[in-house]
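Listed below are the residues making up each chain.
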Amino acid sequence: MRAQLIPLKGGKPILIQRDVTVVGRQKDQCDLILDRSSISKLHCLIVRTDGLLFIRDLGSTNGTKVNGQRVIRGALLPGDELAFASEKFRVEMGPDLPPEPEDVHGAMTEEIRLPEPGLLAGLQDDAEILEDDQSDSDVRLLDEE
């Protein structure tokens, strides 16, 4: 699943790639760092699971809102507006983008070279000789008795 937050004030989309993303301004403990004084050091969690996004506020001072409603925890749907304090984002979710054709061929395709037809022809002739050859061996197939 592809999940991203689109800043409403403009800027690059933020791709949510981890199963658990910590949002806040604490650089050494957060995965998504929003360097604003209105954002708590550890503001909230975003959890990806089974094609869904869930959020949980971590006791932030200025709160986490979904569609203007302050929440402690909840599910996110495509098109929802998610706000960490005054920083607002639009939630986008969808299927993963298909890999580029070059990547598929490079990683998934293996070239197998077959021997020249003349080499196989000799082996087939030997197999026919063995089938026609009657042996005087004491070993017999069960249905021959």
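Residues numbered from 1 in each chain as written. Predicted model: local features only at pLDDT ≥ 70, side-chain atom pairs only at ≥ 80, totals over all residues. Heavy atoms only, no water.

K.L.:
What's the story with the overall build of the protein in this structure? I'm lost.
P.N.:
The secondary structure content of the protein amounts to 2 helices and 11 strands. Residue burial in the protein is summarised as follows: out of 145 residues, 28% are buried. Within the protein, counting contacts between residues at least 6 apart in sequence, those at least 24 apart form 35% of the total. Of the roughly 10900 Å² that the protein leaves accessible, carbon and sulfur atoms contribute 51%. (Helix = DSSP H or I, 4+ residues; strand = E, 2+ residues; numbered from the N terminus. Buried < 20%, exposed > 50% of the residue type's maximum accessible area, 1.4 Å probe, protein only. Contact = heavy atoms within 4.5 Å. Areas by Shrake-Rupley, 256 points an atom, 1.4 Å probe, with all protein chains shown as cover.)

K.L.:
Hey, could you run me through the side chain of Ser40 in this one?
P.N.:
Position of Ser40 relative to the elements: it lies in the loop between strand 4 (32-33) and strand 5 (44-49). The class of Ser40 is buried, set by a relative accessible area of 12%.

K.L.:
Would you mind going over unusual backbone geometry with me for this structure?
P.N.:
Both trends apply: most residues other than glycine have a negative phi, and most peptide bonds are in trans. Although it is not a glycine, Asp50 sits at a positive phi angle of roughly 50°. Note that Asp50 resides in the loop between strand 5 and strand 6 (52-57). Despite not being glycine, Asn67 shows a phi value in the positive range, around 50°. Note that Asn67 resides in the loop between strand 7 (64-66) and strand 8 (69-71).

K.L.:
For this particular structure, what's the right way to read the sheet that holds strand 11 (residues 87-94)?
P.N.:
Hydrogen bonds between backbone groups are what pair the strands of a sheet, and the pairing can be parallel or antiparallel. Taken in spatial order, the 6 strands make up an open sheet running 2-1-11-10-7-8, and their pairing is antiparallel. Of all strands in the sheet, those bounded by a partner on one side alone are strand 2 (14-15) and strand 8. Where strand 10 (residues 81-84) meets strand 11, 4 bridges bridge the pair, whose relative direction is antiparallel. Opposite Ala83, over in strand 11, you have Lys88 as the bridge partner. (Pairing = 2+ DSSP bridges.)

K.L.:
For this particular structure, what's the right way to read the confidence of the model for the protein?
P.N.:
In this model, the protein carries an average pLDDT of 80, and 66% of its residues clear a pLDDT of 70 or more. Counting contacts from residues 125-130, a segment whose pLDDT is below 50, to residues more than four positions away or on other chains yields 0 contacts. (pLDDT = per-residue confidence, 0-100.)

K.L.:
Quick question: what am I supposed to make of the sheet that holds strand 3 (residues 20-24) here?
P.N.:
The mixed open sheet is built from 5 strands, whose spatial order is 4-3-5-6-9. One side of each edge strand has no neighbouring strand; the edge strands of this open sheet are strand 4 and strand 9 (73-76). By the bridge criterion, 4 bridges tie strand 6 to strand 9 in an arrangement that is antiparallel. Paired with Ile55 across the strands is Gly74, a residue of strand 9.

K.L.:
Mind showing me how you'd approach the pairing of strand 5 here?
P.N.:
Moving residue by residue along a regular strand, the side chains alternate between the two faces of the sheet. Residues Cys44, Ile46 and Arg48 point to one face of strand 5 and are all buried, whereas Leu45, Val47 and Thr49, pointing to the other face, are not buried. Inspection of the sheet shows strand 3 paired to strand 5 by 4 bridges, in the antiparallel sense. Bridging from a neighbouring strand, Val22 pairs with Leu45 of strand 5. For strand 5 and strand 6, the ladder comprises 6 bridges, and the chain directions are antiparallel. Across the sheet, the residue bridging to Ile46 is Ile55, located in strand 6. Here strand 5 hands over to strand 6 after 2 residues, with Asp50 in that stretch at a positive phi of 50°.

K.L.:
Hey, could you run me through the pattern of salt bridges in this one?
P.N.:
One side chain can pair with another of opposite charge once the charged atoms of both are near each other. Counting across every chain of the model gives 4 salt bridges. Two residues, Arg18 and Asp31, come together in a salt bridge whose shortest N-O distance is 3.2 Å. Of this pair, Arg18 sits in the loop between strand 2 and strand 3 while Asp31 sits in the loop between strand 3 and strand 4, placing them 13 residues apart in sequence. Taken together, the shared-partner salt bridges in this structure form one network comprising Lys9, Arg36 and Glu87. (Salt bridge = Lys/Arg side-chain N within 4 Å of Asp/Glu carboxyl O.)

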